[in-house]
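Report on the structure
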Amino acid sequence: MRMLFIEYPTCSTCRIAKKYLQVAGMELEIRNIVEETTTVEELRAWVKQSGLELTTFFKPSGNVSKALKTK
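Reference entry: report on the structure contained in this document. All values reported here derive from a predicted model rather than from experimental measurement.

Conventions we followed
The written sequence of each chain sets the order in which its residues are numbered from 1. Only residues with pLDDT of 70 or above have their local features reported here, since the model is predicted, and side-chain atom pairs are shown and tallied only from 80 upward, although totals for entire chains, interfaces and linings are computed over all residues. Computation of side-chain values covers all heavy atoms of the structure but excludes hydrogens and water. For helices the rule is a DSSP run of H or I covering at least 4 residues; for strands it is a run of E covering at least 2, with both sets numbered from the N terminus onward. Relative accessibility decides the category of a residue: with a 1.4 Å probe and only protein chains considered, values under 20% of the type maximum give buried, values over 50% give exposed, and everything between is partly exposed. Whether two residues are in contact is decided by their heavy atoms: any pair within 4.5 Å suffices. Areas reported here follow the Shrake-Rupley algorithm with a probe of radius 1.4 Å; residue values treat only the protein chains shown as occluding. Two cysteine sulfur atoms form a disulfide, by the criterion used here, when they sit within 2.5 Å. Here, strands pair whenever DSSP counts at least two bridges between them. Handedness rule for crossovers: strands pointing away from the viewer, path from the first strand over the helix to the second running clockwise, crossover right-handed. Each patch is assembled from residues with relative accessible area greater than 30% and no salt bridge, linking like charges that lie within 9 Å and nonpolar side chains (Val, Leu, Ile, Met, Phe, Trp, Tyr) that lie within 5 Å. Salt bridge, as used here, is a side-chain nitrogen of Lys or Arg placed within 4 Å of a carboxyl oxygen of Asp or Glu.

**Regarding the overall build of the chain**
When you go through the chain residue by residue, the secondary structure sums to three helices and two strands. Overall, the chain shows an N-to-C arrangement of helices and strands of β-α-β-α-α. Within the chain, the proportion of its 71 residues that are buried is 17%. Here the analysis covers contacts within the chain between residues at least 6 apart in sequence; of these, 41% occur between residues at least 24 apart. Element-wise, carbon and sulfur atoms account for 58% of the exposed surface of the chain, whose accessible area totals about 6,100 Å².

**Some details on the state of the cysteines**
Under the definition given, this model contains zero disulfides. A disulfide-free cysteine, Cys11 has its sulfur positioned 3.4 Å from the sulfur of Cys14, the nearest such atom.

**Quick word on the pairing of strand E2 (residues 27-32)**
Strand direction decides the pairing type here: strand E1 (residues 2-7) and E2, joined by six bridges, are parallel. The residue of E2 that forms the bridge with Leu4 is Glu29. Traced from E1 through helix H1 (residues 12-23) to E2, the parallel crossover comes out right-handed.

**Comments concerning a nonpolar patch on the surface**
Nonpolar side chains collect at one region of the surface, where Leu52, Leu54, Phe57 and Phe58 lie side by side and expose about 360 Å² of accessible area between them. As for its placement among the helices and strands, Leu52 is situated in the loop between helix H2 (40-50) and helix H3 (63-68). Residue classification places Leu52 among the partly exposed residues on the basis of a relative accessible area of 44%.

**Concerning the pattern of salt bridges**
Applying the stated criterion across every chain, the model contains four salt bridges. Lys18 is the partner of Glu7 in a salt bridge, and the nearest nitrogen-oxygen pair spans 3.2 Å. Within this pair, whereas Glu7 is found in strand E1, its partner Lys18 is found in helix H1, the two being separated by eleven residues in sequence. Salt-bridge contacts for Glu42 lead to Arg31; the nearest nitrogen and oxygen are separated by 2.8 Å. Residue Glu42 is located in helix H2, and its partner Arg31 is located in strand E2; the two are separated by eleven residues in the primary sequence. Given the relative accessible area of 9%, Arg31 is considered buried.

Written out as structure tokens, the structure reads:
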């Protein structure tokens, strides 16, 4: 089974997580979030499937969140 891995290429946490998953033998479909943004439909499906709060999917302390004042 392939796992969709959405990354911000310059993020050190993303690089660490990707390496961990690859070493563990996971087959990854890698998506650069800068080049291919997530659609509203994808977000809705992921939130519904996960049962988690919408805020779990975002980093409120990130530069984009700060710039958009989405906190």
